[in-house]
Each structure stands twice: as structure tokens, then as C-alpha cells.
Amino acid sequence: MSNDIEDDSFTMPLGRWSVFYYGVGHMLNDITAACWFTYLLLFLTDIGLSPRNAATVMLSGQIADGFATIFAGELIDRFGHFKIWHGAGSILVAVSFSSVFGGCLPCKILATCSSTVETISYSTFAAIFNVGWAATQVSHMSMVNCITLNSTSRVVLASCRNAFTMVANLSLYGIALIVFDVSSAETHDDIENQYRWIAYVSIFIGCCFVGVFHLGTKEPRSKIGVQGDCHARISWAYWFQKVLYYQVALVYVLTRLVLNVSQAYLAFYVINDLRMAQSAKALIPAIIYICSFIVSVVLQGIAWNGQRLKAYYSAGGILWMFCGAAIFLLTRSLSSFIYAISIFIGIANALMTVYGLNQTSVLNVDCDF
């Protein structure tokens with residue numbers, strides 16, 4: 001009887017506070033990632049690294065992230081303890097992120113300004129940052145299927161997470177706007193101080209939300225199956241034999257590609273191609289994230305199923321294609337229309353993200369053995 005009651009609790013819809021506590025758990029990752037992709041290359045080139053060395057630093061981090069994601073997923077699946085992995089990853093993120101934007105520590109120890117030492121130093125901390133980032137991301141995402149069996153609640157959890165991703169990005173741009181406005185960047189040290197303040201404030205905000213997540217979210221049961229049954233663990237090689245595995249991977253990769261392009265390159269397009277004011281570089285991304293946040297909140301009230309998710313994802317993809325075509329045809333004389341286009345980009349991003357993060361949860365891929 002007690003097992004039936006426990007199983008029923010996992011099929012009931014989650015309360016708003018449970019959703020909130022889970023949703024804020026990725027804030028540190030989100031706010032540091034936004035700073036990473038938006039300002040890392042600018043920071044490295046501003047302090048004197050060549051574009052090639054700056055790209056090497058970024059690439060080293062992405063390679064580490066790729067391997068760490070695979071190993072973190074395998075180890076978490078094998079040993080569980082989601083919150084321990086999340087906490088350890090968050091510590092690595094905070095320490096390494098502050099080390100990257102805090103200056104070249106080995107250069108100070110060795111009393112050298114060698115570009116080789118700088119590149120190796122930044123590449124090492126970039127790799128550590130992405131290892132911690134991957135551990136935090138994988139543990140946080142994989143908790144969804146173990147927190148609840150209710151398909152609608154699973155979508156609500158991811159939608160709340162997406163909403164706080166928007167909050168994190170907006171917070172970063174707000175911090176950067178204040179820092180760049182109140183401080184000047186006339187010397188090498190001034191530039192480092194600007195980015196150091198952005199990094200430290202971002203880490204502080206993210207760590208506060210990590211604390212809320214750990215205090216409010218209980219360690220979930222691992223390997224919850226349908227009706228409370230626990231499936232035996234299967235080999236990781238099993239998934240490479242499933243077509244659905246590649247379909248899920250392709251959808252997620254393409255979704256992340258769309259989001260990253262809208263985050264990293266649209267600002268450069270606004271400044272370099274449309275020749276708009278510098279304020280547009282911050283305003284356009286802000287409009288995108290505000291619209292995404294509003295749509296994400298609205299989506300939490302919808303009863304989801306597989307067909308509805310696919311329909312909304314398709315609508316988001318089609319909307320993005322129209323936005324892309326409009327951007328391609330946009331001329332400098334019509335540059336003000338980019339503000340309207342950014343609204344639809346934000347809507348499209350939210351629609352695609354909800355399905356991209358929830359396709360396995362709603363379709364119960366994890367139980368389809």
C-alpha cells in the first residue's frame with residue numbers, strides 16, 4: 001500500500017514551488033554561458049591575444065565540453081546522486097570562470113607576458129569550466145524524468161528552466177550595461193577590471209540560485225519507470241542501435257544551433273551590417289529574451305502531449321525560417337524592422353526550446369526498451 005501511495009505521488013502534477021526550485025538550478029550555468037559566448041572572444045582579443053589564440057581557447061573549452069558530457073552522462077546514469085554532481089559541477093564553473101576573466105594567473109606567477117603561456121592558461125581554465133558546466137547541465141536535465149512521471153509536469157519543469165535561462169541572459173546584459181556605462185576602458189587593466197566585475201557579479205547571482213535549488217529540491221529517485229517499476233540498467237552501446245537516438249540528438253543539436261546563432265551573431269549583424277547604434281547590440285538580444293521569457297511562462301499552463309509538442313516545435317521552426325529570410329533581405333534603410341523581427345525570433349526560440357528539451361520526457365523514450 002505504501003508503494004502505491006509513493007508511486008501515485010510521482011504521477012501527480014508538481015506544485016509551483018517544486019517547479020520553481022528546479023527551474024532556478026541552472027541559473028549559474030546559464031548566466032556564465034551567456035557571458036562566455038557573448039564576451040569571451042571580445043575579452044581575449046581586447047587584452048592582446050590574437051584571433052587565432054582566442055579561437056584556440058574557445059575551441060579547447062568546446063572539445064572538453066563534448067567529452068565531459070558523454071562521461072558525465074554515463075557516470076550519473078551508473079551512480080546517480082544528481083545533486084552531488086550538480087554541486088561539484090557548479091563549484092568548478094564558479095572557480096574556473098572567475099579564473100578566466102580574472103586574468104592570467106600563471107603569467108603573474110611566472111612574471112611573463114608570453115602569448116603562449118596566456119593561451120595555455122586560458123585554454124586550461126576554459127576546459128575546466130566546460131567540464132563543470134557539462135556535469136551541472138547533465139545532472140540537472142536528467143533529474144526531470146526522476147522527479148515526476150507526469151508528462152505535463154515534465155514539460156512545465158523544462159519550461160520553467162527555459163524561463164530562468166531568459167532571466168539569466170537578461171541579468172547578464174543588465175550587469176554588462178551598467179559596468180560598461182559607469183567605468184572606462186582606456187588601458188589594459190581597465191578592460192580586465194570591466195570583465196572581472198561582470199564575471200564576479202554573475203557568479204554571485206548564479207551561486208545564490210544554486211543554493212536555492214539545493215535547499216528546495218530533494219534528491220530524486222533514480223530510474224523511475226512507468227507505474228513505479230524500475231528498469232534494469234542497459235549498456236550505453238544499446239542506444240547507438242536505435243534510430244530514435246539519432247533523431248533526438250539531431251533535433252537537440254539543431255535547436256541549440258538556432259539559439260546560439262541568435263545569441264552570438266545577431267549582435268554583430270546589427271552593428272557591422274545594419275550600422276545601427278551601439279545600444280542596439282544590447283537592446284536586440286534583450287528583446288529576444290524578454291519575448292522568450294513571456295512565451296515560456298505562457299507555455300507552462302498548457303496540457304502537453306507528443307503531438308502538441310511536435311506542432312509547436314514545427315511552428316517555431318517555420319517562424320524562424322521566415323525571420324531568417326527577413327534578416328537576409330533587410331537593408332540598412334529598413335534596419336528599424338529588426339526590432340519587430342527580434343520579437344518573433346524570441347517567440348520561435350521559446351517554442352523550439354520546449355520541445356528540444358522535452359522530446360524524450362514526453363515520449364517516454366527512457367522507458368521504451
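Being a predicted model, the structure only gives us computed values, none of them experimental.

Counting secondary structure elements, the protein contains 15 helices and zero strands. Burial analysis of the protein (369 residues in total) assigns 49% to the buried set. Across the protein, every contact between residues at least 6 apart in sequence was considered, and the portion connecting residues at least 24 apart equals 83%. Of the roughly 18,100 Å² of accessible surface on the protein, 68% is carried by carbon and sulfur atoms.

As enumerated under the stated definition, the model contains one salt bridge in all. The partner of Glu 192 in a salt bridge is Arg 196, and the shortest N-O contact between them spans 3.4 Å. On the criterion of helical spacing, the pair formed by Glu 192 and Arg 196 is a turn pair, its members being four residues apart in helix α10 (residues 188–216). Each member of the pair Glu 192 and Arg 196 is classed as buried.

Moving on: the packing of aromatic side chains. Inspection of every chain in the model, using the stated rule, returns 14 aromatic pairs. A centroid spacing of 5.1 Å and a plane angle of 65 degrees characterise the contact between Phe 43 and Tyr 195, whose relative ring orientation is edge-to-face. With Phe 43 in helix α3 (residues 27–46) and Tyr 195 in helix α10, the pair connects residues that are 152 residues apart, well separated along the chain. Accessibility classification places Phe 43 together with Tyr 195 in one group, the buried group. Ring-pair connections join several aromatic residues into one group, and the members of that group are Trp 36, Tyr 39, Phe 43, Phe 97, Phe 101, Tyr 122, Phe 129 and Tyr 195.

The subject of this paragraph is the environment of Tyr 21. Tracing the sequence through the fold places Tyr 21 in helix α2 (residues 16–23). Judged by relative accessible area, which is 25%, Tyr 21 ranks as partly exposed. Distance in space between the C-alpha atoms of Tyr 21 and Thr 217 is 6.0 Å, their sequence separation being 196 residues. Dropping the residues within four chain positions of it, Tyr 21 is found in contact with Val 212, Phe 213, Gly 216 and Thr 217.

With that settled, the discussion passes to the UniProt feature "transmembrane region" (unreviewed entry) in the protein. Using the residue numbers shown here, the UniProt feature "transmembrane region" (unreviewed entry) corresponds to residues 20–42, 84–105, 163–185, 197–216, 244–271, 283–305, 311–330 and 337–357. The straight-line gap between the two end C-alpha atoms of residues 197–216 is 29 Å; of that span, 100% is helix and 0% is strand. With 95% helix and 0% strand, residues 311–330 has end C-alpha atoms that lie 29 Å from one another.

As a packed pair, α3 and α10 sit with axes 9 Å apart at the nearest point and diverge in direction by 170 degrees. Classified by the angle between their axes, α3 and α10 sit roughly antiparallel to one another. Between α3, through Met 27, Leu 28, Ile 31, Cys 35, Tyr 39, Leu 42, Phe 43 and Asp 46, and α10, the contact on the second element is made entirely by Ile 191, Glu 192, Tyr 195, Ile 198, Ser 202, Ile 203, Gly 206, Cys 207, Phe 209 and Val 210. The residue inventory of the contact of α3 with α10, partitioned by class, reads 14 nonpolar, two polar and two charged.

What follows is about the nonpolar core. In terms of nonpolar packing, the biggest core is built from 58 residues, with Trp 36, Leu 44, Phe 97, Phe 101 and Tyr 122 touching the most fellow members. Listed by contribution, the elements that provide at least two residues to this core are α2, α3, α4 (51–79), α5 (82–101), α7 (115–142), α8 (144–147), α9 (151–182) and α10.

With that settled, the discussion passes to the confidence of the model for the protein. Averaged over every residue, the pLDDT of the protein is 81; the share at 70 or more is 87%. Averaged pLDDT values for the elements of the protein fall to 54 in helix α1 (residues 2–11) and rise to 92 in α5. Contacts of residues 362–369 to residues separated by more than four positions or lying in other chains number 25 contacts, the stretch itself having pLDDT below 50.

Moving on to the environment of Asn 169. Position of Asn 169 relative to the elements: it lies in helix α9. Along the primary structure Asn 169 and Cys 35 are separated by 134 residues, whereas in three dimensions their C-alpha atoms are 8.2 Å apart. Among residues more than four places away in sequence, those in contact with Asn 169 are Ala 34, Gln 263 and Tyr 289.

Take α7 next. For α7, with 28 residues, the first-to-last C-alpha span of 40 Å sits near the 40 Å given by 1.5 Å per residue. Taking the backbone nitrogen of Thr 116 as reference, a side-chain oxygen 3.3 Å away marks Ser 114 as the first, capping residue of α7.

The next thing to look at is the environment of Ala 94. Examined against the element boundaries, Ala 94 turns out to sit in helix α5. A residue is classified by how much of its surface remains accessible, and Ala 94, at 14% relative accessible area, is buried. Spatially, the C-alpha atom of Ala 94 lies 8.6 Å from that of Thr 32, the residues being 62 residues apart in sequence. The contacts of Ala 94, once residues within four sequence positions are left out, are Ile 203 and Cys 207.

What counts, and where the lines are drawn
Residues numbered from 1 in each chain as written. Predicted model: local features only at pLDDT ≥ 70, side-chain atom pairs only at ≥ 80, totals over all residues. Heavy atoms only, no water. Helix = DSSP H or I, 4+ residues; strand = E, 2+ residues; numbered from the N terminus. Buried < 20%, exposed > 50% of the residue type's maximum accessible area, 1.4 Å probe, protein only. Contact = heavy atoms within 4.5 Å. Areas by Shrake-Rupley, 256 points an atom, 1.4 Å probe, with all protein chains shown as cover. Salt bridge = Lys/Arg side-chain N within 4 Å of Asp/Glu carboxyl O. Phe/Tyr/Trp six-rings, centres within 6.5 Å; stacked < 30°, edge-to-face > 60°. UniProt positions renumbered as here; feature names shortened; annotations may be inferred. Axes fitted to C-alpha atoms, helices over the stretch in contact; angles between N-to-C directions. Parallel < 35°, antiparallel > 145°, perpendicular 65-115°, else oblique. Nonpolar A, V, L, I, M, F, W, Y, C, P; charged D, E, K, R; others polar. Core = buried A, V, L, I, M, F, W, Y, C linked by side-chain atoms within 4.5 Å. pLDDT = per-residue confidence, 0-100. Expected span 1.5 Å × (residues − 1). Polar contact = N/O pair within 3.5 Å; in protein donor to acceptor, adjacent residues only side chain to side chain.

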